[in-house]
Amino acid sequence: MFSGLILILLPLIIGYLIPLKQKSILQLISRLLSWIVYVILFFMGISLAFLDNLSANLLSILHYSAVSIVIILGCNLLALHLLEKRFPWRHALQQQKLPSRMAMVFESLQLAGVVLLGFVIGLSGWQVLHYATEASEYTLVLLLFLVGIQLRNSGMSLSQLVLNRRGMMVGVVVVASSLVAGVINAFILGLPLKAGLGMASGFGWYSLSGILMTESYGPVIGSATFFNDLARELLSIMLIPTLIRRNRSSALGLCGATSMDFTLPVLQRSGGVDIVPAAIVHGFLLTLLVPILMALFAA
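Residues numbered from 1 in each chain as written. Predicted model: local features only at pLDDT ≥ 70, side-chain atom pairs only at ≥ 80, totals over all residues. Heavy atoms only, no water.

Novice: Help me out: how do you make sense of the nonpolar core in this one?
Specialist: One broad rule of soluble globular proteins: the nonpolar side chains tend to lie buried together. In this structure, Leu-41, Tyr-64 and Leu-143 are the most contacted members of the largest nonpolar core, which totals 77 residues. Broken down by element, this core gets its largest block of residues, 10 residues, from helix H13 (residues 276-298). Excluding residues that lie within four positions of it along the chain, Tyr-64 makes contacts with Leu-189, Leu-191, Met-199, Val-220, Ile-221 and Ala-224. (Core = buried A, V, L, I, M, F, W, Y, C linked by side-chain atoms within 4.5 Å. Buried < 20%, exposed > 50% of the residue type's maximum accessible area, 1.4 Å probe, protein only. Helix = DSSP H or I, 4+ residues; strand = E, 2+ residues; numbered from the N terminus. Contact = heavy atoms within 4.5 Å.)

Novice: Would you take a moment to explain unusual backbone geometry for this structure?
Specialist: Across residues other than glycine, the phi torsion is negative in most instances, and most of the peptide bonds are trans. In this structure, Phe-203 takes a positive phi of about 50° despite not being glycine. As for its placement among the helices and strands, Phe-203 is situated in the loop between helix H8 (193-199) and helix H9 (206-217). Using a relative accessible area of 1% as the deciding quantity, one classes Phe-203 as buried.

Novice: Would you mind going over the pattern of salt bridges with me for this structure?
Specialist: Close approach of charged atoms allows side chains with opposite charge to pair. In total, this model carries one salt bridge according to the counting rule given. A salt bridge links Arg-166 to Glu-84, with the nearest nitrogen and oxygen atoms 4.0 Å apart. With Arg-166 in helix H7 (residues 165-189) and Glu-84 in helix H3 (residues 54-86), this residue pair connects regions lying 82 residues apart in the sequence. Since its relative accessible area comes to 13%, Arg-166 is described here as buried. (Salt bridge = Lys/Arg side-chain N within 4 Å of Asp/Glu carboxyl O.)

Novice: It is not clear to me how helix H11 (residues 248-255) should be interpreted in this structure. Could you clarify?
Specialist: Since the α-helix packs 3.6 residues into each turn, any two residues three or four apart lie on the same face. Counted residue by residue, H11 has eight buried out of eight residues, so it is predominantly covered. Put simply, Asn-247 is the residue that caps the front of H11, since its side-chain oxygen is 3.3 Å from the backbone nitrogen of Ser-249. Downstream of H11 by one or two residues, Gly-256 has phi in the positive range, about 65°. (Polar contact = N/O pair within 3.5 Å; in protein donor to acceptor, adjacent residues only side chain to side chain.)

Novice: Quick question: what am I supposed to make of the packing of aromatic side chains here?
Specialist: The geometry of two aromatic rings is summed up by the distance between their centres and the angle between their planes. Under the definition given, this model contains four aromatic pairs. Where Trp-35 meets Tyr-38, the ring centres are 6.4 Å apart and the plane angle is 55°; that geometry is what we call tilted. Note that Trp-35 and Tyr-38 are positioned in helix H2 (residues 23-49) at a spacing of three residues, about one turn of the helix. According to the relative accessible area criterion, Tyr-38 is partly exposed, its value standing at 25%. Look at Phe-226 and Phe-227: their rings are 4.9 Å apart centre to centre, the planes differ by 65°, and that puts the pair in the edge-to-face class. Phe-226 gets classed as buried once you look at its relative accessible area, which sits at 0%. A relative accessible area of 28% places Phe-227 in the partly exposed class. Each member of the aromatic cluster is reached from another via a ring pair, and the members are Tyr-206, Phe-226 and Phe-227. Its end group placed over the ring of Phe-87, Arg-86 keeps NZ or CZ at 4.8 Å from the ring centre. Residue placement shows Arg-248 over the ring face of Trp-89; its charged tip is 4.9 Å from the ring centre. (Phe/Tyr/Trp six-rings, centres within 6.5 Å; stacked < 30°, edge-to-face > 60°. Lys NZ or Arg CZ within 6 Å of the ring centre and 35° of its normal.)

Novice: What's the story with a nonpolar patch on the surface in this structure? I'm lost.
Specialist: Judged by side-chain polarity, Val-180, Ile-184, Phe-187 and Ile-188 come together as a nonpolar surface patch covering roughly 420 Å² of accessible area. Assignment of secondary structure puts Val-180 in helix H7. Judged by relative accessible area, which is 47%, Val-180 ranks as partly exposed. (Patch = residues over 30% accessible without salt bridge, like charges linked within 9 Å, V, L, I, M, F, W, Y side chains within 5 Å. Areas by Shrake-Rupley, 256 points an atom, 1.4 Å probe, with all protein chains shown as cover.)

Novice: What exactly am I supposed to notice about the confidence of the model for the protein chain here?
Specialist: Of all residues in the protein chain, 86% attain a pLDDT of 70 or more, and the chain-wide mean is 82. Here helix H6 (residues 158-163) is the element of the protein chain with the lowest mean pLDDT, 60, and H8 is the one with the highest, 95. (pLDDT = per-residue confidence, 0-100.)

Laid out in structure tokens, this is it:
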């Protein structure tokens, strides 16, 4: 367990200790992170191809993923509805013209396509592909190191995190309701409690949660976790414009960790500029918590 904690937290902490002011380097890191995500997902697809009883395991992935999506998002939305009812989010809705949702959905589906490509190549059985698991571990260390640098230089100070009350409240509710969902998920699917909690702790960060769960619990659970977190992103893109009119807290919480990057443009154009600070704080908080929770539950 302690070796797993070190693997996850040490590169993140080292990266966080590095201050950078050069915008060109930060932009390069952002591009590298995008490519590394594809590399990690490609390795995950290869690992999936080496499963025994492949057809039966693919059905298990579909079953675990479908049940997890319903339970986790259901608990999130219920808790966020109660939050909105108890503490209404006062606002003046200023919806702008939205970017092409189909283009954004297609971009997310590309990620699933990379897993599929790795899976197809893995079926060839080439000897060199057996090193995919080790390669994914080294790639993961690099990803966490770069994420640490990005978090340090995101411009978010501790005072900004604390002062944006709504972003913090939504983030805390998402984390708490997800952990409750993880316990329910483990009970329904007959999984170890830590596996259920790990599946619920990705908050949309599919590249990290998928590979860590694969290394700890095997490709079936890891792949189900990946599709669970990818589905959160896809559903966010499709539901935000409608949901934000009725329940802003639910629209924000549904995005999970992606609210500070991928789904931020949709949130901003659907809910107006006043939702941006809460979205950044919410996404920052969850992005910071994912490695810590995954280290506890998947190490």
